[in-house]
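Next come the chains, spelled out residue by residue.
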Amino acid sequence: YYQALVNMFIRYGYAVFDCNGFSNDALGKSFWGNQKGLEAYRKADQYVVNNYNVEENFSIYAFSMGGLTALNLAFQGFPNIDCIALGSPVIDLHAVFESTDGTANVLKALYNLDDTWDDSKVVGNNPAKRITTSSDTPYCHYILPPIKIWYGSTETGTSGNGGTDL
């Protein structure tokens, strides 16, 4: 599915890059929303703009942990993002840490976490922490590009992890 989507974008003249290499191997996982991953995306974007005849403004489509990275780019003020489309994005790292699908082990390695959650180790990398609740009404203090989020009807690992609040 992913490769078909990439091919369609290329066919219509879009520049496409993916710093994870659409892979969940050890290298791909090392870019899941952390500062190393954000820097890789910044460098890739700059390379595409400098070396190809493309506009500097761009749109982001991201899935799962790629959604985490896309949101962190937006929250950190990455310029020129026109819009963001997310499929089953990870929005709350703590919720993922509590999951039983094995992803917690990846987060432990990426963010140097022990068996107990520690907010201080993910400061600036957890979009859910950028949502403030006042009088039980969630809101965001940041000026963000338009964001559309889709979750599948059978999601188990990502639905309910902050998407509604965001």
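Within every chain, residues take consecutive numbers counted from 1 along the sequence as written. This being a predicted model, a pLDDT of at least 70 is required before a residue's local features are given, and a value of 80 or more before pairs of side-chain atoms are given or counted; all residues contribute to the totals for chains, interfaces and linings. Where side-chain values are given, they derive from all heavy atoms of the structure, hydrogens and water being excluded.

## Some details on the packing of aromatic side chains
Stacked, tilted and edge-to-face are the three classes assigned to paired rings of Phe, Tyr and Trp, where Trp is represented by its six-membered ring and a pair needs centres within 6.5 Å; plane angles under 30 degrees give stacked, over 60 edge-to-face, the rest tilted. Taken as a whole, this structure holds 4 aromatic pairs when the rule is applied. Arranged with centres 5.7 Å apart and planes meeting at 75 degrees, the rings of Phe 9 and Tyr 14 form a pair that is edge-to-face. Accessible area is worked out with a 1.4 Å probe on protein chains only. A residue is then buried under 20% of its type maximum, exposed over 50%, and partly exposed in between. According to the relative accessible area criterion, Tyr 14 is exposed, its value standing at 52%. Each ring, one from Phe 58 and one from Phe 78, has its centre 5.6 Å from the other, and the planes form 75 degrees; the classification is edge-to-face.

## What to know about the pairing of strand 2 (residues 81–87)
In DSSP terms, a helix is any run of H or I states spanning at least four residues, a strand is any run of E spanning at least two, and both are numbered starting from the N terminus. When you tally the buried positions in strand 2, you get 5 out of 7 residues, the bulk of the element. In short, DSSP must find at least two bridges between two strands for them to pair. Across 6 bridges, the pairing between strand 1 (residues 58–63) and strand 2 is parallel. What sits directly across from Ser 59, in strand 2, is Cys 83. In this fold, the crossover linking strand 1 to strand 2 by way of helix 4 (residues 65–75) has right-handed handedness. Clockwise travel from the first strand over the helix to the second, with the strands pointing away from the viewer, marks a crossover as right-handed.

## Digging into the nonpolar core
Throughout this description, the term nonpolar core refers to a set of buried Ala, Val, Leu, Ile, Met, Phe, Trp, Tyr and Cys residues connected via side-chain atoms within 4.5 Å. One finds Ile 60, Ala 70, Leu 73, Ile 81, Ile 84 and Leu 86 to be the most contacted residues of the largest nonpolar core, which totals 15 residues. Secondary structure elements with two or more residues in this core: helix 3 (35–51), strand 1, helix 4 and strand 2. Considering every element that reaches this core, the biggest residue donor is helix 4, with 5 residues. Residue contacts follow a heavy-atom distance rule, with two residues in contact if any of their heavy atoms lie within 4.5 Å. Sequence-distant contacts of Leu 73, defined by excluding residues within four places in its chain, comprise Leu 38, Tyr 41, Ile 60, Phe 78 and Ile 81. Of all hydrophobic cores here, the second largest spans 14 residues; its members include Met 65, Phe 97, Ala 104 and Val 122.

## Notes on the confidence of the model for the protein
Confidence of the predictor at the level of single residues is given by pLDDT, which spans 0 to 100. In the predicted model, the protein carries a mean pLDDT of 78, and the fraction of residues at 70 or more is 77%. Model confidence for the protein, summarised as mean pLDDT per element, is weakest for helix 2 (residues 26–29) at 56 and strongest for strand 2 at 87.

## A look at unusual backbone geometry
Backbone geometry at Ser 64 places phi at a positive 60 degrees, although glycine is not the residue there. Mapped onto the elements, Ser 64 comes out in the loop between strand 1 and helix 4. Classification of Ser 64 as partly exposed rests on a relative accessible area of 22%. A positive phi angle, close to 55 degrees, is found at Asn 112, a residue other than glycine. On the secondary structure map, Asn 112 appears in the loop between helix 6 (103–111) and strand 3 (131–134). Of the residues examined, Asn 112 reaches a relative accessible area of 56% and is grouped as exposed.

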